[in-house]
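Structural overview
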Amino acid sequence: DTEVTQTPKHLVMGMTNKKSLKCEQHMGHRAMYWYKQKAKKPPELMFVYSYEKLSINESVPSRFSPECPNSSLLNLHLHALQPEDSALYLCASSQGLAGLNEQFFGPGTRLTVL
Amino acid sequence: TQLLEQSPQFLSIQEGENLTVYCNSSSVFSSLQWYRQEPGEGPVLLVTVVTGGEVKKLKRLTFQFGDARKDSSLHITAAQPGDTGLYLCAGEADKLIFGTGTRLQVFP
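Keep in mind the model is a prediction, meaning the values are calculated, not measured. (Residues numbered from 1 in each chain as written. Chains lettered and ligands numbered in written order. Predicted model: local features only at pLDDT ≥ 70, side-chain atom pairs only at ≥ 80, totals over all residues. Heavy atoms only, no water.)

**Description of the overall build of chain A**
Secondary structure assignment for chain A yields 0 helices and 11 strands. Expected size for 114 residues packed as a compact globule is a radius of gyration near 13 Å; at 13 Å, chain A falls within 12% of this value. Taken along the three principal axes of its C-alpha coordinates, chain A extends 40 × 25 × 25 Å. Scored against the burial criterion, the 114 residues of chain A give a buried share of 46%. Expressed as a percentage of contacts within chain A between residues at least 6 apart in sequence, the contacts between residues at least 24 apart total 55%. Total accessible area on chain A is roughly 5,600 Å²; 51% of this is exposed by carbon and sulfur atoms. (Helix = DSSP H or I, 4+ residues; strand = E, 2+ residues; numbered from the N terminus. Rg over C-alpha atoms; globule rule 2.2 N^0.38 Å. Buried < 20%, exposed > 50% of the residue type's maximum accessible area, 1.4 Å probe, protein only. Contact = heavy atoms within 4.5 Å. Areas by Shrake-Rupley, 256 points an atom, 1.4 Å probe, with all protein chains shown as cover.)

So, in structure tokens, the structure goes:
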């Protein structure tokens, strides 16, 4: 299995809602990532997990809360988002942080905040 | 701040034409990756180059890593409509640094 899966594919939420994005990989990768991508822009790194521990937090607002329950799963909990948080949220995984960091991306969750 | 600038930003060409996309930085990277992203999908890894001066070919795509490992190029020969997409270079430092992107459209 060489896939990274993400659910849901699309999400519309209000500013007072709480929702979660889910990501799963079964490639035995030990590093997982969340990226945010606005239209016509490159992905921006949000969080990195290595061996289920948060390794990098790129100064992301606390309304985004990541969680790595096990080596195959990565969640992003959303609460009190703003309309400017609307974007494509991408999950990626790689074998690890050391050596070649070839990342495999999921198809993304298109988030719209009303 | 490490930056990777890609040029051109947009490219619109006819099927059968050749093109080159450039990825430039003032920083040295331990490796450089090229991804292609189609609308509504995540980026897909095309190639990784590691050694300065390295050239890799993937069918009609030729990738080169600069001697000083600060820049790279992607050359496509005889472009096809299926090549349409956003091309992203990404340099590896303590994290992956994505380039500004080149949006390619190939018309039949």
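**Quick look at the environment of A87 of chain A**
All names here are of chain A. Structurally, A87 is set in strand β9 (residues 87–94). It is 19 Å that separates the C-alpha atoms of A87 and V48, two residues lying 39 residues apart in sequence. In contact with A87, not counting residues within four places along its chain, are K36, Q37, K38, T109, R110 and L111.

**A closer look at the pattern of salt bridges**
Where charged atoms from two side chains of opposite charge approach closely, those side chains can pair. According to the stated counting rule, one finds 5 salt bridges over all chains in the structure shown. R63 of chain A is the salt-bridge partner of D85 of chain A, the closest N and O atoms lying 2.7 Å from each other. Placement of D85 of chain A in the loop between β8 (73–79) and β9 and of R63 of chain A in the loop between β6 (53–57) and β7 (64–70) is noted, with a sequence separation of 22 residues between them. The partly exposed category is assigned to R63 of chain A, whose relative accessible area is 24%. Between R60 of chain B and D83 of chain B there is a salt bridge, with its nearest N and O atoms 2.9 Å apart. Taken together, the residues R60 of chain B in the loop between β6 (55–58) and β7 (61–65) and D83 of chain B in the loop between β8 (71–76) and β9 (85–92) connect sequence positions 23 residues apart. Judged by relative accessible area, which is 4%, D83 of chain B ranks as buried. (Salt bridge = Lys/Arg side-chain N within 4 Å of Asp/Glu carboxyl O.)

**Topic: the packing of aromatic side chains**
All chains considered together, the criterion is met by 8 aromatic pairs over all chains. With centroids separated by 5.7 Å and ring planes inclined at 85 degrees, the aromatic side chains of Y35 of chain A and F98 of chain B adopt a geometry described as edge-to-face. Here Y35 of chain A, found in strand β4 (residues 31–37), pairs with F98 of chain B, found in strand β10 (residues 96–98), and the two come from separate chains. Residue classification places F98 of chain B among the buried residues on the basis of a relative accessible area of 10%. Between Y35 of chain B and F98 of chain B, the ring centres sit 5.7 Å apart and the planes meet at 50 degrees, which makes this aromatic pair tilted. (Phe/Tyr/Trp six-rings, centres within 6.5 Å; stacked < 30°, edge-to-face > 60°.)

**Here we look at the pairing of β9 of chain B**
Residues and elements named next belong to chain B. Extensive coverage of β9 is indicated by the burial of 8 of its 8 residues. Direction of pairing for β9 relative to strand β11 (residues 102–107): antiparallel, over a ladder of 3 bridges. When the bridges of β11 are listed, L86 appears paired with R103. Two elements, β9 and β10, share 3 bridges in a ladder whose sense is antiparallel. Its bridge partner being in β10, G91 is matched across the sheet by I97. (Pairing = 2+ DSSP bridges.)

**So, the side chain of S72 of chain B**
Residues and elements named next belong to chain B. With respect to the helices and strands, the residue S72 is situated in strand β8. Judged by relative accessible area, S72 falls into the buried class, the value being 3%. Within polar-contact distance, the side chain of S72 engages the side chain of W34 at 2.9 Å. In this structure the side chain of S72 is engaged in a polar contact, spanning 2.6 Å, whose partner is the backbone oxygen of Q64. Residues in contact with S72, not counting those within four places in the same chain, are V21, Y22, C23, L32, W34, Q64 and F65. (Polar contact = N/O pair within 3.5 Å; in protein donor to acceptor, adjacent residues only side chain to side chain.)

**Comments concerning the state of the cysteines**
In a disulfide, the sulfur atoms of two cysteines are held together by a covalent bond. In total, this model carries 2 disulfides over all chains according to the counting rule given. Between C23 of chain A and C91 of chain A runs a disulfide, and the two sulfur atoms are separated by 1.8 Å. The sign of the S-S torsion, about -70 degrees, decides the handedness of the disulfide formed by C23 of chain A and C91 of chain A: left-handed. Of the two residues, C23 of chain A is situated in strand β3 (residues 18–25) and C91 of chain A in strand β9; the sequence distance between them amounts to 68 residues. Here the two residues C23 of chain A and C91 of chain A agree in accessibility, since each one is buried. Note that C23 of chain B is cross-linked by a disulfide to C89 of chain B, the S-S spacing being 2.1 Å. (Disulfide = S-S within 2.5 Å.)

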